[in-house]
Amino acid sequence: MSHGSGEKFDYARRVAAALAYIALADMDRVSMYAYSDAVTEVLPLPRGKDRILSVLRFLENLQPSGEATRLQAAATSLVHRASRSGLVIVLSDLYDQQGFRTGLDLLRYRRFEPHVIQLHTVQEANPTWLGDIELEDAESGDLRKLTITERKLRQYRELFSEFLQSIDGYCQMYSLSCTRTTTDLPFDELILRMMR
């Protein structure tokens with residue numbers, strides 16, 4: 001989530017804050033779980049929109065860890081801590097090396113209602129690099145030198161498109177709601193679109 005200048009992480013925090021406010025204003029209970037390879041921070045909240053300051057402080061203090069992402073570990077922690085099932089909004093780029101499906105499956109099996117918000121940057125979907133570059137995996141730190149050609153860019157775009165289609169296919173198969181966005185869409189427009 002810290003790709004580039006951190007725009008994805010900041011965008012996710014804005015969306016999380018807006019959704020938390022809507023839920024708290026509607027007198028719903030809200031819990032927030034930040035995770036990487038395990039749950040790193042938890043914020044359980046009682047009802048009431050006056051609790052939004054706690055949410056904002058919690059989100060402001062979060063930092064991307066650079067660790068590998070494991071949705072299954074976060075889902076396991078959530079189902080063991082939650083006293084009852086309910087709506088779970090998974091806000092992620094879903095770049096989970098273990099696969100995001102096992103985490104969502106666990107939530108479904110335990111009678112939670114997962115809603116997926118998958119976000120990425122425009123550059124991740126359509127990179128424009130050409131020539132010799134060195135890439136660093138943001139989660140593992142592994143380095144790889146590559147020569148990027150037009151052909152490799154086309155292959156990457158095809159693979160990225162297949163990845164997005166696999167998310168859509170999974171969500172459609174299990175009737176899960178899925179919202180996808182890029183960080184160039186203003187977050188308030190995304191929230192309005194979701195509320196419709």
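It should be noted that the structure appears before, not after, this text.
Quick caveat: nothing in here was measured; it's all calculated off a predicted structure.

Peer 1: How should I be thinking about the sheet that holds strand 3 (residues 87-92) in this particular structure?
Peer 2: Strand pairing in a sheet relies on backbone hydrogen bonds, with the paired strands running either antiparallel or parallel. Taken in spatial order, the 3 strands make up an open sheet running 3-4-7, and their pairing is parallel. Looking at which strands have only one partner, the edges of the open sheet turn out to be strand 3 and strand 7 (177-182). Sheet twist, expressed as the average angle between the axes of neighbouring strands with direction ignored, equals 15°. By the bridge criterion, 6 bridges tie strand 4 (residues 113-120) to strand 7 in an arrangement that is parallel. Its bridge partner lying in strand 7, leucine 119 is registered against threonine 181. With respect to the sheet, helix 4 (residues 101-109) is in contact with strand 3 and strand 4, its orientation differing from that of strand 4 by roughly 155°. Sheet strands in contact with helix 7 (residues 187-195) are strand 4 and strand 7, and its direction is about 160° off that of strand 7.

Peer 1: Looking at this structure, I do not really get the side chain of glutamine 118. What am I missing?
Peer 2: Mapped onto the fold, glutamine 118 is located in strand 4. For glutamine 118, a relative accessible area of 0% corresponds to the buried category. Not counting the four nearest positions on each side in its chain, glutamine 118 is found in contact with Ser92, Asp93, Leu94, Phe163, Leu164, Ile167, Thr179, Arg180 and Thr181.

Peer 1: Explain the pattern of salt bridges to me, please; I cannot follow it from the model alone.
Peer 2: A side chain of one charge can pair with a side chain of the opposite charge if their charged atoms are brought near each other. In total, this model carries 5 salt bridges according to the counting rule given. Close ionic contact of arginine 13 with aspartate 10 constitutes a salt bridge, the shortest N to O distance being 2.6 Å. Of this pair, arginine 13 and aspartate 10 both sit in helix 1 (residues 7-25), separated by 3 residues, roughly a single helical turn. Residue aspartate 10 is classed as partly exposed on the basis of its relative accessible area of 28%. Its salt-bridge partner being arginine 108, residue aspartate 105 comes within 2.8 Å of it at the nearest N-O pair. With aspartate 105 and arginine 108 both in helix 4 and 3 residues apart, this pair spans about one turn of that helix. Given the relative accessible area of 16%, aspartate 105 is considered buried. Salt bridges here are not isolated pairs; linked through shared partners, they connect Lys8, Asp93 and Glu124.

Peer 1: Sorry, what's going on with a nonpolar patch on the surface here?
Peer 2: Together, Tyr21, Ile22 and Met195 give the surface a local cluster of nonpolar side chains, amounting to about 270 Å² of exposed area. The residue methionine 195 is located in helix 7 in this model.

Peer 1: Just checking my understanding: could you explain the side chain of aspartate 96 for this structure?
Peer 2: Of note, aspartate 96 is situated in the loop between strand 3 and helix 4. Buried and unpaired, aspartate 96 has no salt bridge, with arginine 70 as the nearest side chain of opposite charge at 6.1 Å. At a separation of 2.8 Å, a polar atom in the side chain of aspartate 96 contacts the main-chain amide nitrogen of leucine 71. Apart from residues lying up to four places away in sequence, aspartate 96 is in contact with Thr69, Arg70, Leu71 and Gln72.

Peer 1: Quick question: what am I supposed to make of the pairing of strand 1 (residues 30-35) here?
Peer 2: For a regular strand, the rule is simple: side chains alternate between the two faces of the sheet. Residues Val30, Met32 and Ala34 of strand 1 are buried on one face, while the alternating residues Ser31, Tyr33 and Tyr35, pointing to the opposite face, are not. Of the pairings in the sheet, the one linking strand 1 to strand 2 (residues 39-45) comprises 6 bridges and is antiparallel in character. Within the sheet, the bridge partner assigned to alanine 34 lies in strand 2 and is glutamate 41. Count of turn residues in the strand 1/strand 2 antiparallel hairpin: 3 residues.

Peer 1: How should I be thinking about the packing of helix 1 against helix 7 in this particular structure?
Peer 2: Helix packing for two helices is described by the angle between their axes and how far apart those axes are. Where helix 1 meets helix 7, the closest approach of the two axes is 10 Å, and the angle between their N-to-C directions is 45°. Between helix 1 and helix 7, the angle is such that the two are oblique. Judged by the twist between their axes, the crossing of helix 1 over helix 7 is right-handed. Packed against helix 1, whose contacting residues are Tyr11, Arg14, Val15, Ala18, Leu19 and Ile22, the element helix 7 presents Phe187, Leu190, Ile191, Met194 and Met195 at the interface. Classifying every residue of the contact of helix 1 with helix 7 by side-chain character gives 10 nonpolar, no polar and 1 charged.

Conventions and cut-offs
- Residues numbered from 1 in each chain as written.
- Predicted model: local features only at pLDDT ≥ 70, side-chain atom pairs only at ≥ 80, totals over all residues.
- Heavy atoms only, no water.
- Pairing = 2+ DSSP bridges.
- Helix = DSSP H or I, 4+ residues; strand = E, 2+ residues; numbered from the N terminus.
- Axes fitted to C-alpha atoms, helices over the stretch in contact; angles between N-to-C directions.
- Contact = heavy atoms within 4.5 Å.
- Buried < 20%, exposed > 50% of the residue type's maximum accessible area, 1.4 Å probe, protein only.
- Salt bridge = Lys/Arg side-chain N within 4 Å of Asp/Glu carboxyl O.
- Patch = residues over 30% accessible without salt bridge, like charges linked within 9 Å, V, L, I, M, F, W, Y side chains within 5 Å.
- Areas by Shrake-Rupley, 256 points an atom, 1.4 Å probe, with all protein chains shown as cover.
- Lys, Arg positive; Asp, Glu negative; His and termini not counted.
- Polar contact = N/O pair within 3.5 Å; in protein donor to acceptor, adjacent residues only side chain to side chain.
- Parallel < 35°, antiparallel > 145°, perpendicular 65-115°, else oblique.
- Left-handed = near helix turned anticlockwise from the far one by under 90°.
- Nonpolar A, V, L, I, M, F, W, Y, C, P; charged D, E, K, R; others polar.

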